[in-house]
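Below, each chain spelled out in residue letters.
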Amino acid sequence: MVTTSAPRFEHLREARGIGDATPRLSWTNLAPAGWEQHAAEIEITRDGRVTTTGRVATGESVLVAWPAAPLRSREVASVRVRVWGTDRGPGQAVEVSDWSPVATVEAGLLAPGDWVAVPVAADWDEEPESDTRRPPLLRRGFTVGAGLVSARLYLTAHGVYEAEINGRRVGDEALAPGWTSYASRLRTATHDVTELLHPGDNAIGSWMGDGWYRGRLGWRGGFRNLFGSDLSLIAQLELRYENGRVETIATDEHWRASFGPIVSSGNYDGEHYDAREELPGWSEPGFDDSGWVGVRIGTRDPATFVAPQGPPVRATQEVAPIAVLTSPSGKRILDLGQNLVGRLRIRVTGPAGETVVIRTAEVMQEGEIYTRPLREAKATDSYTLAGRPAPADGGPAEEWEPRFTIHGFRYAEITGWPGDLDEAVANGDVVARVYHSDLERTGWFESSDERVDRLHENVLWSMRGNFVDLPTDCPQRDERVGWTGDLQVFARTASFLYDVSGMLGSWLQDVAVEQHEDGTVPWYVPFIPDDGQWTPNRPGAVWGDVAVLTPWVLYERFGDIGVLAAQYDSAKRWVDLVHRLSGPDHLWNEGFQLGDWLDPAAPPDRPAESLTDRHLVATAYSAWSTAHLAKTAAVLGRIDDAEHYAELAEATRRAFLAEYVGEDGLMTSDAQTAYSLAIAFELLPDPAAVDRAGERLSALVAAAGNRIATGFVGTPIVSDALTTSGHLDRAYDLLLEDECPSWLYAVGQGATTIWERWDSMLPDGTVNPGQMTSFNHYALGAVADWLHRVVAGIAPSAPGYRSILFRPRPGGGLTHASAVHLTPYGRASIAWRIESDTLHVEVEVPTGTTAVVDLTGAEPVSVTSGTHRFEVTVGTVDDPFRGIEPLRATL
C-alpha cells in the first residue's frame, strides 16, 4: 500500500495569500520498504476546470516545478497527486497510490495595481520622540448585501496590528506584520473572513501598536521612528457575490480613529492598559463613532509588499508557575520554572482603578528579580481594572494579556494584585503564554545522560525564544536584533530542530536588501543605526559570511536550489569584497574584526580580544566561504564561476597555511579555535597535518581541564574538529565537563536556556557584571548539531536528506541515544543502545531515500527505505569499540 500526502506549496503549511504565481510542490510517500517512486501525476482544479499532467516519469517529490499556467491574483487552485513506483525486490511489481488528499493554494494580490488601500493613521498630533505615544483604535462600518460568496481581507501596517470584524478577532497571529527591511519589504497577510460577516450592517476595526516600525530600537537610549513616525493600517476587504459583483472596502478617508484602552506599548518597555477606557462594541456595527476623529492618509508603494514565506508568530504553549515566592523585600514573585519568551495572561476581579503591575526578569539575585541585564528595557506591563462585577459562577471578572509586547523571562514580580495571588495561581488565573514563529518542529534528540538532554532542551528553548519573526540574538534586553553571525553558526542546528526554510529564506532576502553596494553585509539585519562601533557598517568575517554559508545550509538540509539562486548575487558580492580587501596575497589581515567573539579568555569589557588572531579567523572564513561559493556556482550550472572561485579558494587556503601554520604543525595562534578552523574548514594539506593539528587541539583541551576555551567561532566546530581528527574521546570530555566554562556548567546552575556568556551567572550565584549578560542566546548552543550528527548519528549525505548518513559514535559513558528528524521526504530516525557489550542500532529510512549505515569497526552498509536493525559486539561502555567484532545486520 502506497500513501501520498497532500502536497505542500513552497515551504508553507498554510498557502493562503501566497506570493509566488508558480509555487513549487512537495509531497511525501509512505510505502513498503525498498519502494521507489518512478512516476507522478498532478491534478489541478481551478475555476471549475480540471487539468492534469498525466503520468510523468519522475522520482522527484520535493519542490517540484508548478506544472500549469501561473496563478492569477486571488486565484484559488486545488491540487492532488498520485504516484507510481516499484520495490527493489524480485519482480519489481508496479504499484500506484490512491490520489492524495486535496491541498488548496490561494494567490494573494500579486501585482501592485491590485491594491487600492492606502495607509490611514489617527489625525492627531504626537510627540515623535516619546516612548509613550498612545496608540489608536481604527474602524469603519460598511454594508454587506445579499448573496455573499466569499470575503478576503488583505492587510498590513506601519506598526503592528490586530484586526477585528464584528467584534471577533481576525486570525491568530501576533505582532503582525513582523519585522522586515520595511523600506523595501513589508509583509502582507490574507484572511478568509467570510464567516465573520453577515448581510446588513458590519464593522471592521484594528488595534494598533508601535512595534518595530516606529517604537524604540537599539541600545544606549536607542532610536525612534526609524522607519516612519506614523502608525497606519493598510487594509483591503474584498466581497464577492453570487452575481459576480465585487465590492471593496479599503482603508481610506472614511475610517475613524480614537484612543482605546492601551495607554502605551513597546517591545522593550512593555504595555500599559486601562480597562476603564475600553469602548464596548467599537468593532461592531451600530457603534457610535461620531466622537472619533478622522484619519490622515499616508503613502506606501505597494510594489514593496511581499507575501509570507514562513509561518507567523503565534502563541504556541501555556506555562503555569511552579511556585509563588515572597522576596526579602516582601514582593510576590512567580517562578515559571522555564526561561521563556512571551507574556502573562491574567484573570482578576477587583475594584475599578486598581492596577496590577508585572515586572519580568530572567534571573533572581539575593531573592529579588534582577533586572540589570535588561539594561534600559523596562519589561513592565500593567493592567488597571475596570471594576466589573464577578460572574455568577464565581470566576474572575476580567481577563487581560498584552497585545503588542513580549518579554524574555522566568520570573514575574506581581504588585497590586487584588486578592489572594497564591489562590489565583492555583486556579490557573495567571499563566505565561509562549510566543515565537510558529515553525513546524522537525527534530528530536535523547540520550542516557539527563544533563545532555537538558542541554539540548535549553538549545530548543533558546531557539524558540529568539525566532520571533526573525532570528534575534536575545529576547529580553534593549537589543533583540538579527545578528548575522549568531544565525550563521547556528543554522544547521536550527534546520534540524524546526523547518526554518521559509522563515530564513525570507530573512536572507532582507540580508541581500540591506547589503551595501560594495558587498558589505551588516552585523545585524534589519539594520538599525548605533552611536558606537556598529555604525557605519564594516565588513566582518563570520557575520558577513551568512550571505554564503546559510543559503548552502538551507540547500543541504531542505534540498532547495531556489534559495541558492535567489541569494547567489548577494553571496558573490560578499566573497568578491573579501578578496578585494585581501589583495594579491589572499590574506584578510587588515581592518576591524570581531574574531572569536566571547572567548572565555577575553576581558569581559573587550570580548573581541580572544586567544586566536582575529585575522587568522577572517582568512580561514574567506577560504571556507569562497569554496562554498564555488560549490553553489556548480549546483547552479555557473561553470566559469565555479572554476574561478575554486581556484580562489585554493589560493586562499595555501596563503592561510603559509601565514598561520608552521612546518612543525603548530599555528601562530596556539589556541583551540585556530586548530579547529584549520581542521573543520579543511585547510590542512594532508592527513598527517590533520593528525598533528588534532593532537595539538586535544592537548589544548586537556590542558584547559576539558573546559571551553573557544568563542563564537570555535565553539560550533571544536567538537567536530576533535572527532574528525581522531579524538572522539576528548570531544566527549569537552561535552561532559561541568566546571565553568562548559556547556554543562550552566545546566548545573539550573539554566533552562543557553547563555550569552559561559559565566553569565557566576558560581556564587551572582550575575556576571558585564553589560552583555543575556540568559537566552542560542549561538553557543550550536553544539546540538554535533549531538545530532555524531552522538545520535544522523546527517544528510545528499541535499534534502535524499541520502542519509547514519554514523553514530558512542562515547562518554552514554549507554543510549536517539534522534528523529522529519526530512522533506518523511521521518528518519536512529536509536542505539549498548547492552552486554553489544551495540544495537535501529534506523528508519523514509520512502524515496537511501542511506548508508557506518558503524565503527565495520564496513559501511547501504540500505533502502524501511526499518533496519544492526548489532555490533563492542568493548566497555567507556571504550565501546575496543575489541570490536564484525558487523551483524538484521534487515
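None of the values given here were measured: they were computed from a predicted structure. Per-chain numbering applies: the sequence of each chain, read as written, is numbered from 1 onward. Selection of residues for local features in this predicted model requires a pLDDT of at least 70, selection of side-chain atom pairs for listing and counting requires 80 or more, and totals for whole chains, interfaces and linings are taken over all residues. Side-chain descriptors were evaluated using all non-hydrogen atoms of the structure, hydrogens and water having been removed beforehand.

1. Some details on the pairing of strand β7 (residues 49-52)
Thinking step 1. A pair of strands counts as paired when DSSP detects no fewer than two bridges linking them. Strands are runs of DSSP state E lasting at least two residues, helices are runs of H or I lasting at least four, and both sets are numbered from the N terminus onward. Relative to β7, strand β6 (residues 36-46) runs antiparallel, the two sharing four bridges. The residue bridging glutamate 43 from the neighbouring strand is threonine 52, located in β7.
Thinking step 2. Hairpin connection of β6 to β7: two residues between the antiparallel strands, including aspartate 47 at a positive phi of 55°.

2. Details of the sheet that holds strand β45 (residues 850-853)
Thinking step 1. The four strands lie next to each other as β40-β41-β45-β46, forming an open sheet whose pairing is mixed. With partners counted over all chains shown, the strands left at the sheet margins are β40 (794-796) and β46 (861-863), one partner each. Pairs of neighbouring strands in the sheet enclose a mean axial angle of 25°, with direction left out of account.
Thinking step 2. Relative to strand β41 (residues 803-806), β40 runs antiparallel, the two sharing three bridges. Paired with isoleucine 794 across the strands is phenylalanine 806, a residue of β41. Every angle, taken between N-to-C directions, lies between 0 and 180 degrees, and every axis is a line fitted to C-alpha atoms, over only the stretch in contact when it is a helix.

3. Observations concerning the side chain of serine 100
Thinking step 1. Mapped onto the secondary structure, serine 100 falls in the loop between β10 (94-96) and β11 (103-107).
Thinking step 2. Two residues qualify as a contact provided that any one of their heavy atoms is within 4.5 Å of a heavy atom in the partner residue. Those residues in contact with serine 100, other than ones at most four positions away along the chain, are Thr4, Ser5, Ala6, Pro7, Arg80 and Val81.

4. A few points about the pairing of strand β19 (residues 200-209)
Thinking step 1. Between buried and exposed lies partly exposed: a residue is buried under 20% and exposed over 50% of the maximum accessible area for its type, with that area taken using a 1.4 Å probe on protein chains only. The element β19 is largely enclosed, with a buried count of eight among its 10 residues.
Thinking step 2. Here strand β13 (residues 136-144) runs beside β19; their pairing, made up of eight bridges, is antiparallel. By the bridge assignment, arginine 140 is partnered in β19 with isoleucine 204.
Thinking step 3. Strand direction decides the pairing type here: strand β15 (residues 160-165) and β19, joined by six bridges, are antiparallel. The partner of isoleucine 165 across the bridge, within β19, is isoleucine 204.

5. Regarding the nonpolar core
Thinking step 1. Here, nonpolar core means buried Ala, Val, Leu, Ile, Met, Phe, Trp, Tyr and Cys residues that are tied together by side-chain atoms lying within 4.5 Å of each other. If you look at the biggest cluster of nonpolar residues, it comprises 195 residues, and the most contacted ones within it are Phe467, Val500, Tyr621 and Trp786.
Thinking step 2. When residues in this core are grouped by element, the largest group, 10 residues, is from helix α8 (residues 614-635).
Thinking step 3. With sequence-adjacent residues up to four places away left out, valine 500 is seen in contact with Leu439, Met463, Phe467, Ala494, Ser495, Gly505, Leu554 and Phe558.
Thinking step 4. Counting 31 residues, the second-largest nonpolar core is a separate cluster that includes Ala163, Ile204, Met208 and Leu231.

6. Section: unusual backbone geometry
Thinking step 1. Here the amide bond leading from valine 525 into proline 526 is cis, since omega sits at -5°, within 30 degrees of zero.
Thinking step 2. Tracing the sequence through the fold places proline 526 in the loop between α5 (501-514) and α6 (546-558).
Thinking step 3. Its identity as a non-glycine residue notwithstanding, glutamate 10 has a phi of 50°, on the positive side.
Thinking step 4. In this structure, aspartate 47 is a non-glycine residue whose phi angle is positive, near 55°.
Thinking step 5. Here aspartate 47 lies in the loop between β6 and β7.
Thinking step 6. A relative accessible area of 47% means that aspartate 47 is categorised as partly exposed.

Note that every value here comes from positions in space, so none of it alone points to a role or purpose.
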